[in-house]
Each structure stands twice: as C-alpha cells, then as structure tokens.
Amino acid sequence: MRQRLSSEPDRYRGRRRVPTPPRSRYAVVVTSAFVGAGVVALGAASQLPDAKTINPSVLQNLEAGDALADRSADGDRASRGEDRTASTKISDEQAEAEAWLLPLDDYQFTSPYGVRFGKLHAGIDLAAPEGTPYKAVHAGQVTAAGYNGGYGYAITVKHADGTEMIYAHSRRLMVKAGDTVKAGQIIGEVGNTGYSYGTHLHLEVHVNGATTDPIVFLREQGVDIKLRIESVYGVGAS
C-alpha cells in the first residue's frame, strides 16, 4: 500500500460542511404554504353566489312544474279508478244469471253424499219442516217436474253449463217442465214423498251425466252448505 506523502494535497482540506437547517424552519415554510392556499380558496369562495339566495324566476318554474306533476298524477288516479269501476260494474241480468244461492233459508244438514245402507246416496239431505219453500240454487231450465219413483215429487233444473240439479221428496211443486227459473226463485215445498225417512229436501247434482258430491260442487261455485254461505253475484264477481 502506497503511503500518502505529507506534500500530497488533501482533497478534503479547506472544505466546510454546510449545516442542515433546523426542522423548525421547514415546518414554518410548509405551514405558510397551506395558509396561503386557504386564503386563496376563501377569496374564490367569496365570489360564489349565496346558496340560500334563489332566483325568483327559477322558483316559479319549479312550482309550476310541481303543479303540473300533481295534476297529472290526479288524472292518472282518476282514470285508474274509472277503469276499475267500469270493469267491476255488473248488470242486474248478469248478476241473476251468475248467482249461486242456498236452497233453503233455514235447514239442518242430515246426510252427506256417499254410500249409505250399502247403496250410493247420490245427493245430500237438508231437513226442514214440511211445507217449507225451497229455491232454485242457480238459473236454468226445468227439464222435469213430477212424481219420479223413489225421488217422490221432484224437479230437475238444467243449467247453462250443462250441469243438472235435482230437488226431491217434495210435498208440492210450483214449476213445470219447460219453465225458466232464476236463482232464488221458489220452485217447491219440502216434503216426505218417495223413499224418504223424514221430511227433508234431497239435493243432487249431475255433471256430464254422472253424480257428484253437491258439497264439493257448490263450494266451487262459492256456496258452502255446511257454513251456510252463498255467492249472490256469482263466482269471481266483486
């Protein structure tokens, strides 16, 4: 290793280290910069219009637009109301044609549809005092009215959909074959004629020529024999 001669110039000789400014000086400079920016921003903001100040013409336009929107909404609601009224309005003739009612005002349900004494009991029995008037359950045409073996004095009414309803064991008949009846019209009186075990109305329903449970059939039409509920305006009417 070469030994440095004392006469060799010292490259570091005569240089002075510049001291680093204290941190507090930088802090002052940065703070001043932020303060200056804030002053500029405040000055610019002072030139903006006051948010609370509203141009009168703009306010009038807004109020006019709200009024038009309210009138339009009221018109739409009225139109929808008229449409609903028109769609739900039903004529008296249509109500009569669609009504399904109970055959008696007061009765006791005594026998259901099904096998009884080893044979099919093809209808239901509604007990009531002899001579109690009974009504047509639904509008239709009388296809048979008279004495009919085990049914006693009976009436058969055929409805527009092809179903048939038989009212049996009557004491008296008030319609004849060929008559047109309305729902609720009195067509006979409760009796005990034919193969009967007490004064009652036997109600029987035929669908496509076959017997069916009147309880189930009438319930589908809005009439509940057990709960004594009837559909005055027909199925689906409101």
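Look a little higher up for the structure.
Now for a look at the structure at hand.

Rules and cut-offs
- Residues numbered from 1 in each chain as written.
- Predicted model: local features only at pLDDT ≥ 70, side-chain atom pairs only at ≥ 80, totals over all residues.
- Heavy atoms only, no water.
- 1 Å grid on protein atoms, 1.4 Å probe; cavity = no way out; pocket = protein on both sides within 12 Å on 5 of 7 lines; lining within 4 Å.
- Points joined across faces, edges and corners; volume = space filled by probe spheres on them.
- Helix = DSSP H or I, 4+ residues; strand = E, 2+ residues; numbered from the N terminus.
- Phe/Tyr/Trp six-rings, centres within 6.5 Å; stacked < 30°, edge-to-face > 60°.
- Buried < 20%, exposed > 50% of the residue type's maximum accessible area, 1.4 Å probe, protein only.
- Lys NZ or Arg CZ within 6 Å of the ring centre and 35° of its normal.
- Pairing = 2+ DSSP bridges.

Glancing now at the layout of surface pockets. The rolling of a water-molecule-sized probe over the atoms marks out the regions of remaining empty space. Volume-wise, the largest pocket comes out at about 510 Å³. If you trace the largest pocket, you find 19 residues lining it, with R116, H121, H169, Y195 and Y197 closest to the centre. Broken down by secondary-structure element, the contributors of at least two residues to the lining of the largest pocket are β3 (119–121) and β11 (200–207).

Our next topic: the packing of aromatic side chains. Per the stated rule, a full pass over the model turns up 4 aromatic pairs. With centroids separated by 5.0 Å and ring planes inclined at 80°, the aromatic side chains of Y147 and Y153 adopt a geometry described as edge-to-face. Look at Y147 and you get exposed, because its relative accessible area is 51%. The ring of Y107 carries the charged tip of R228 above its face, separated from the ring centre by 4.4 Å.

We now examine the side chain of Q221. In this structure, Q221 sits in the segment after α4 (214–220). Residue Q221 is classed as buried on the basis of its relative accessible area, which comes to 14%.

Before going further, it helps to spend a moment on the pairing of strand β4 (residues 123–127). Burial runs high along β4: 4 of the 5 residues are buried. In this sheet, β4 lies alongside strand β1 (residues 108–111) in antiparallel orientation, the contact comprising 3 bridges. If you follow S111 over to β4, its bridge partner there is D125. Relative to β11, β4 is paired through 5 bridges, and the arrangement is antiparallel. By the bridge assignment, D125 is partnered in β11 with H202.

Distances and angles like these do not, on their own, reveal function.
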